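In case you want the letters, here they are:
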Amino acid sequence: MDLNTITEVLRPAEPEAVKNWHSGYAWLAGGTWLFSEPQIATHTLIDIESFNWPSLVASPEGLEIAATCKVIELDRFTPPPEWKAAQLFRKCCRSFLASFKIWNEATVGGNIVMSLPAGPMISLTAALEGICKLWPRNEASREVPVADFVTGNHANALAPGELLRSIFLPASALKKNYAFRRFTLTHLGRSEALLIGTRCPERGEFVLTVTASTLRPVQLRFETVPAAETLKNALDQAAPFELYLDDVHGSPGHRQHLTYYFAEQIRQELSA
Amino acid sequence: MSTTTEKPPVTKSTQKYIGRAMKRVEDPRLLKGVGTYVDDVQLAGVVHAEFVRSPHANASIKSINTDAAKKLPGVIGVFTGADINEKAGTIPCASPLPGGKSPVHTVLAGSRVYFVGHPVAVVVAKTRAIARDALELVEVDYEPIPAVIDPEKALEKGSALTHPELGTNVAFTWGLAGGDVDAAFKEADRVFKLRILHQRVTPMAIEPRGCAASWHSGESSLTLWTSTQIPHLIRTLLPGMIGIPENKLRVVTPEVGGGFGSKLNLYSEEAVVSHLAMRLNRPTKWIEGRRENAAVTIHGRDQIGDHEVAIKNDGTVLAIRSNIIADIGSYLQLLTPAIPTLTGLMIGGCYKLKAVKVDITGVHTNKMSADAYRGAGRPEATYIIERVMDYVADELGLDPIEVRLKNMPQSGEFPFTTITGLQYDSGNYQAALEKAKELAQWPRLLKERENARAEGRLFGIGLSTYVEICALGPSKIMAAGGWEWGCVRIEISGKVTVITGATPHGQGQETSFAQIAADRLGIPIEDIVVLRGDTATAHFGRDTYGSRATALGGTAIAMSIDKIIEKTKTLAAALLEAAPADIEFAEGKFFVRGSEAKSIGWGQLASEAYVAKNLPPGFEPGLEASSFFEPPNCTFPFGTHICAVEVDRDTGQVKILKYTAVDDCGKQVNPLLIEGQVQGGIAQSLGAALMERTVYDENGQLLTGEFMDYAIPRALDIPEYALGSTETPSPSNLLGVKGVGEAGTIGATPCIGNAVIDALSPLGIRHVDLPFTPERVWRAIQEKGGTL
């Protein structure tokens, strides 16, 4: 839709050109959400696509995904064969309640900074132990794990004006075995629960990432695959009932149940 | 999704057109994207309207300040209820019930708003974007008032009132009694109670509504293009609202991207846009947004019913006593009160009950109005009676099929008069049931269930044997006439133009009406053009709803052709130098009885009829006839649906494994179109059964206002279909057709519901409220301990 409060669109060559951050500014990338509803508090858009960041940079250390990387680019990325968990890219890209038109424009960074519980790019990058590179205004850059970046429903660690530059997925995570579980009311519908488990083939480390069912990602780490009871107890500790989302797609009770259920399935799958 | 049809469509070129599975002539233009929808209508100098809508479900309006909006460059005008309401009339209800209490429904809000989305003001601007910008500049000072949301609480003493001036939230009450209910309950061996909720659903047509109006000042006439099912009814109703004569209004309905009853209405926006076009002397257009569509286009269903059922131990259902609360929302739309009455009339389904008593209370709440949505009252009735049948079987330990067979009328009993006073035209319910069993491989399904249950799986089989009321209807039961009109013209070239007042809008009747005409005239279908959707062309019509178009509109066309044939015999007789009584007509040729080799075809006769040089005395030039078909009765299609489901006990998710439908819509004109209607209907019914629900929060905010939150089935959610049919002609029209537009939506929800409950029955679960979302099913399992 037209954003009738916008009076200016800036296209700086580099982020440093935006020295002073004002209330009413908003970074613009794909814009699929930004243009989907009125933004009454926003008067200036700063288009970060003008920075021309390379979308995907693969190296032996891992994969750097620019915040401006289109979902479709990630979906089509061909990973090295040893990055087994990169198969999650496609699964998570297809976990959007969105058409291919959205995939063509929406960005990975946009989905993460939206910080909705069912953001599938959050599920993906949190599960693959992604690190957000953040560029504050007029300060040195900082790094925050994706699992910590999203702090609640539509809330995150960004300070005013701070920019998500990229998400780095370490090769060590990409080489892990994984298990994926997602629950929706309809095929291609919004996720009621999306859980991803990974296990390091060498060290046996087990990581479970819970998204969509909870207000923010919940990540549990174990040195090895835990016993069922241990996992459930850890979930109870990390995700109290109040942390489960309540909306038309599911109640906290059902989401908690699904979380337990899929967590155990993942535990069993990765135990094999 | 895949579909297995009972037998492959026959398309031999020698076959008559009626009965052939023909692709729609409409499809190429739609598939190529060259069809014309309302938003495609280009009008020179058009201006755009957008509506300021209430964000509150219930609030008084203290003030409206339009100054800033009016000053925005490009804005042509901003109008409030105070500016327009007295000049644009009030929204009509065609089905008010005696004693009903409902508010005056002005086109824009007056001093109060009654639902989220209630139009408060309208902005007109040079572009749509400017109009939308200007919406933000209209300052409305609201004073929110607690909303009335729960229809049952709304009936409690001391409840807040949706419309305080009415002194009650009861919009109407309606009762129906047939047979001696008290005696039937005394006769009963058992009595049980069922409480059934039909959730509110949103039609969500892919093309939202929209309209454009152009005032022709020289002629003082108005043309309204609108995405509607009912251009003729609008032409009847709108003139009185906006103050022009009926014969100065032309209503055009171009392509319509889905109606399902939601466009069977005259809405505020149509009246406002028409008024503005006249007032501003500028063509004016409004196109509804998706969120607007979800909020301010009518909703469907939303009934709560408490049912008491009297039965004998042999499975005979004696009587039903029902109290139904219908949450009708804030205002009456065109057919709002009529919808729940259809539930009452059809509550006996295809069974011989001794007595029925139905009491319906329509309740005003601070929501969008409920009105006709595909099936309109009959899905609710069918769900009730079909749940009752399964409940009876469960209660008595009987086979659900045997219970149904025990209570059905035999085919020889038709026309069958129901206990609610309807006369079912024709039927053979047992045949449809038997065929569905065969197609579904019933014994195999039973075996599969047995095996699944032995493995601890929740496998269920459900069926519904439904009957519905279609081809609405005789004029005596319809507020604005229940006839339909058609016109046929043999052009001078011999080509044929068919004009229908039935206004098909996606059903494919440009094809099926051409099939009817081609067979009756004995000409190739390619020579026929079917016109519809323009009151300047189709002079009369009562339009399409209630699966009426083919039964009534098709019959009107057939009648017109018969008139032309009779007239043409006189001309043919003159040309063949014979007596008119000796002329016969067959396969498009007129000939003297016994001399078929010497015949005359339509081409020569049409030329003679229009050139008019050799006409017999008294022969009026031209070959055109029109007809009004007044049906003697409604039609009553029926069928049996069977499905198998499996419930995931861990998540509550229902998976439909196989779906079988045998529908009897009378004589079939185009089996391919029928299959499409059944498929689409089942898909919508599946949505209502498993996922769709319109949710308002306690403040009256709509939580399901877009596809992100309102779940509808996608292709991947649709199961494998096995479709079949029986063909029991209707005696109510000369074509013998009944109608099929709503069959799927009526038969499928109870079928799926019964299957889900059957799947859960080993856990002792006998009831779950619609829709069967994973969460509801899971909760039901949890409440029973989740174990076998």
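Residues numbered from 1 in each chain as written. Chains lettered and ligands numbered in written order. Predicted model: local features only at pLDDT ≥ 70, side-chain atom pairs only at ≥ 80, totals over all residues. Heavy atoms only, no water.

Novice: Before we move on, can you summarise unusual backbone geometry with the specific residues and values?
Specialist: Residue and element names in this part refer to chain B. With an omega dihedral of -25 degrees, the bond running from Leu472 to Gly473 counts as a cis peptide bond. With respect to the helices, strands and loops of the structure, Gly473 is situated in the loop between strand 19 (458–467) and strand 20 (484–490). Of the consecutive residues Leu770 and Pro771, the connecting peptide bond is found in the cis state with omega at -10 degrees. Of note in the backbone geometry, Thr503 takes a positive phi value of approximately 50 degrees without being a glycine. Structurally, Thr503 can be placed in the loop between strand 21 (496–500) and helix 15 (509–521). (Helix = DSSP H or I, 4+ residues; strand = E, 2+ residues; numbered from the N terminus.)

Novice: If you had to explain the sheet that holds strand 2 (residues 25–28) of chain A to someone new, which residues and values would you point to?
Specialist: Residue and element names in this part refer to chain A. Strand order in the open sheet formed by 3 strands is 1-3-2, with parallel pairing between adjacent strands. The strands lining the two open edges of the sheet, one partner per strand, are strand 1 (8–10) and strand 2. Strand-to-strand twist in this sheet, taken as the mean axis angle between neighbours without regard to direction, amounts to 25 degrees. The pairing of strand 2 with strand 3 (residues 44–47) spans 4 bridges and is parallel. Pairing of Ala26 across the sheet is with Leu45, part of strand 3. (Pairing = 2+ DSSP bridges. Axes fitted to C-alpha atoms, helices over the stretch in contact; angles between N-to-C directions.)

Novice: Kindly report on empty space enclosed by the protein, identifying the contributing residues and their values.
Specialist: Picture a little ball the size of a water molecule; that probe, rolled over the atoms, points out where space is still empty. Residue and element names in this part refer to chain B. The final tally for this structure, using the stated rule, is 6 cavities of 30 Å³ or more. As a volume, the largest cavity reaches approximately 110 Å³. His105, Phe115, Pro119, Ser268 and Gln333 are, among the 17 residues lining the largest cavity, the residues nearest its centre. Considering only residue class, the lining of the largest cavity consists of 8 nonpolar, 6 polar and 3 charged. Volume-wise, the second largest cavity comes out at about 80 Å³. Around the second largest cavity, the lining residues are His198, Gln199, Val201, Arg301, Pro379, Tyr383, Ala688, Thr749 and Leu770. Among the elements of the structure, strand 9 (190–201) and helix 11 (378–396) are those that each provide at least two residues to the lining of the second largest cavity. The element contributing the most residues to the lining of the second largest cavity is strand 9, with 3 residues. (1 Å grid on protein atoms, 1.4 Å probe; cavity = no way out; pocket = protein on both sides within 12 Å on 5 of 7 lines; lining within 4 Å. Points joined across faces, edges and corners; volume = space filled by probe spheres on them. Nonpolar A, V, L, I, M, F, W, Y, C, P; charged D, E, K, R; others polar.)

Novice: Kindly report on the pairing of strand 29 (residues 721–725) of chain B, identifying the contributing residues and their values.
Specialist: Residue and element names in this part refer to chain B. The buried count for strand 29 comes to 5 of 5 residues, which makes it a mostly enclosed element. Residues Tyr721, Leu723 and Ser725 of strand 29 are buried on one face, and the alternating residues Ala722 and Gly724, pointing to the opposite face, are buried as well. Chirality of the crossover, the property in question, places the unit of strand 28 (residues 654–664), helix 18 (residues 671–690) and strand 29 among those that are right-handed. (Buried < 20%, exposed > 50% of the residue type's maximum accessible area, 1.4 Å probe, protein only. Right-handed = clockwise from strand over helix to strand, strands pointing away.)

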